[in-house]
Amino acid sequence: MKNTVVTLQQQKLSRDKITMLTAYDFSTAKLMDDSGINALLVGDSLGMVMLGYEDTLSVTMEDMIHHSKAVARAAKRALVVTDMPFMSYQISVQDALYNAGRLVKEGHAQSVKLEGGEEICPQIKAITQAAIPVMGHLGLTPQSVNAFGGFKVQGRDEEAARRIINSALAVEQAGAFAVVLECVPATLATLISECLTIPTIGIGAGAGCDGQVLVYQDMLGLYGGIAPKFAKQFNNVGEQMKAGFDSYIREIKSGSFPAEEHIFRIDDAIMAKLQR
Ligand code: KIV
Ligand code: NA
């Protein structure tokens, strides 16, 4: 059965941890869906891990739609959440509504995610009222990297911590069905998870959240760049891929690939005629 935003909210009530991974393509999303993952996030992190940008700011609506469609086709059970890219929702409520609609109509997303607190609550409210569920995102919001002065832990001093708590309450009040807490102290994330009735999904926010999300390239050892502290590597798929590529090159050079079992045949009599 297909997961919905209600499934995730019921999981919070029954204390069944929500599992989420980022996904950007059909075949990877299908493997995750077959594993029984609860939700798939078509994150704008695709700008970094799929497209090689330094940050997420250059990601376009077209990029998000393109990858969202592929993931949605693979998600038989998992809830699909698609990120709204930088400047697709900040300018106006009208823009936000229009672009959220595109992610659903063209990208086949079931819900959308927006970064920010009080300043984007009018957008969250309008999108939710248009029957598109919204996931919030607080703490280290990567689209604000230039304002933060780098990718840094958020909410460490009292004022910043209070700001995140108030933002979480505001986002819930505006109608969000869940909220991502990224790179915030674990005890603060636990407190917020207890205060909210909607589920919290943590990334670098400790085990007190109602669920967890990771960028799959980080957890599989596929991303060449520096892996963040919170990104546990569950498998080194990157090393396995590299070994496969090395063998491929070696066997072509040595002539052992392609072998007998990899080739197609033509009747010898026909070949004899061709060679005359
Ligand atoms: O884009 C992304 O991958 C995200 C997660 C890190 C939450 O927003
Ligand atoms: Na994102």
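Heads up: the structure comes first, above all this text.
Residues numbered from 1 in each chain as written. Chains lettered and ligands numbered in written order. Predicted model: local features only at pLDDT ≥ 70, side-chain atom pairs only at ≥ 80, totals over all residues. Heavy atoms only, no water.

A.B. asks: Report on the overall build of the chain, specifying residues and quantitative values.
C.D. replies: If you tally the helices and strands in the chain, you get 12 helices and eight strands. Considered along the principal axes of its C-alpha atoms, the chain spans approximately 85 × 40 × 35 Å. Within the chain, contacts between residues at least 6 apart in sequence are counted, and of these 60% link residues at least 24 apart. For the chain, the computed accessible surface area is about 14,600 Å², with 57% contributed by carbon and sulfur atoms. (Helix = DSSP H or I, 4+ residues; strand = E, 2+ residues; numbered from the N terminus. Contact = heavy atoms within 4.5 Å. Areas by Shrake-Rupley, 256 points an atom, 1.4 Å probe, with all protein chains shown as cover.)

A.B. asks: I'd like a description of the layout of surface pockets, backed by residues and values.
C.D. replies: The rolling of a water-molecule-sized probe over the atoms marks out the regions of remaining empty space. By volume, the largest pocket amounts to about 800 Å³. Along its surface, the largest pocket is lined by 34 residues, and Phe-151, Glu-182, Asp-218, Pro-228 and Phe-230 are the ones closest to its centre. For the lining of the largest pocket, the secondary-structure elements that each account for two or more residues are helix H3 (46-49) and strand E6 (178-182). Residue composition of the lining of the largest pocket, by class: 18 nonpolar, seven polar and nine charged. Roughly 390 Å³ of volume is contained in the second largest pocket. Considering the residues around the second largest pocket, the lining is formed by 21 residues, among which Gly-116, Glu-119, Gly-139, Thr-141 and Phe-148 are closest to the centre. (1 Å grid on protein atoms, 1.4 Å probe; cavity = no way out; pocket = protein on both sides within 12 Å on 5 of 7 lines; lining within 4 Å. Points joined across faces, edges and corners; volume = space filled by probe spheres on them. Nonpolar A, V, L, I, M, F, W, Y, C, P; charged D, E, K, R; others polar.)

A.B. asks: Give a detailed account of the coordination of the sodium ion (ligand 2), specifying residues and quantitative values.
C.D. replies: The protein atoms that coordinate the sodium ion (ligand 2) are Asp-44 (OD) and Asp-83 (OD), at distances spanning 2.2 to 2.3 Å. Of this pair, Asp-44 sits in the loop between strand E2 (39-42) and H3 while Asp-83 sits in strand E3 (residues 79-83), placing them 39 residues apart in sequence. By the burial criterion, Asp-44 is buried, and Asp-83 matches it. (Donors = N, O, S within 2.8 Å, 3.2 Å for Na, K, Ca; no water. Buried < 20%, exposed > 50% of the residue type's maximum accessible area, 1.4 Å probe, protein only.)

A.B. asks: Lay out unusual backbone geometry with the relevant residues and their values.
C.D. replies: Of note, the bond from Phe-257 into Pro-258 is cis; its omega dihedral lies within 30 degrees of zero at 0 degrees. Tracing the sequence through the fold places Pro-258 in the loop between helix H11 (237-254) and helix H12 (268-275). Unusually for a residue other than glycine, Met-87 sits at a positive phi of about 75 degrees. In the Ramachandran plot, Ala-131 falls in the positive-phi region, its phi being about 70 degrees despite a non-glycine side chain. The residue Ala-131 is located in the loop between helix H6 (121-129) and strand E5 (134-139) in this model.

A.B. asks: Mind laying out the site of ligand 1, listing which residues take part and the relevant values?
C.D. replies: Neighbouring residues of ligand 1: Thr-22, Leu-41, Gly-43, Asp-44, Ser-45, Asp-83, Lys-113, His-137, Val-180, Glu-182, Ile-203 and Val-215. At 2.6 Å from an oxygen atom of ligand 1 is found a side-chain nitrogen or oxygen belonging to Ser-45. Asp-83 places a polar side-chain atom, nitrogen or oxygen, 3.1 Å from an oxygen atom of ligand 1. When the free accessible area of ligand 1 is taken as 260 Å², the share hidden by the protein chains comes to 95%. More than half of the atoms of ligand 1 fall within 2 Å of the grid points belonging to the largest pocket. Its residues assigned to classes, the shell around ligand 1 shows four nonpolar, four polar and four charged. (Near = heavy atom within 4 Å. Polar contact = N/O pair within 3.5 Å; in protein donor to acceptor, adjacent residues only side chain to side chain. Sits in = over half its atoms within 2 Å of the grid points.)

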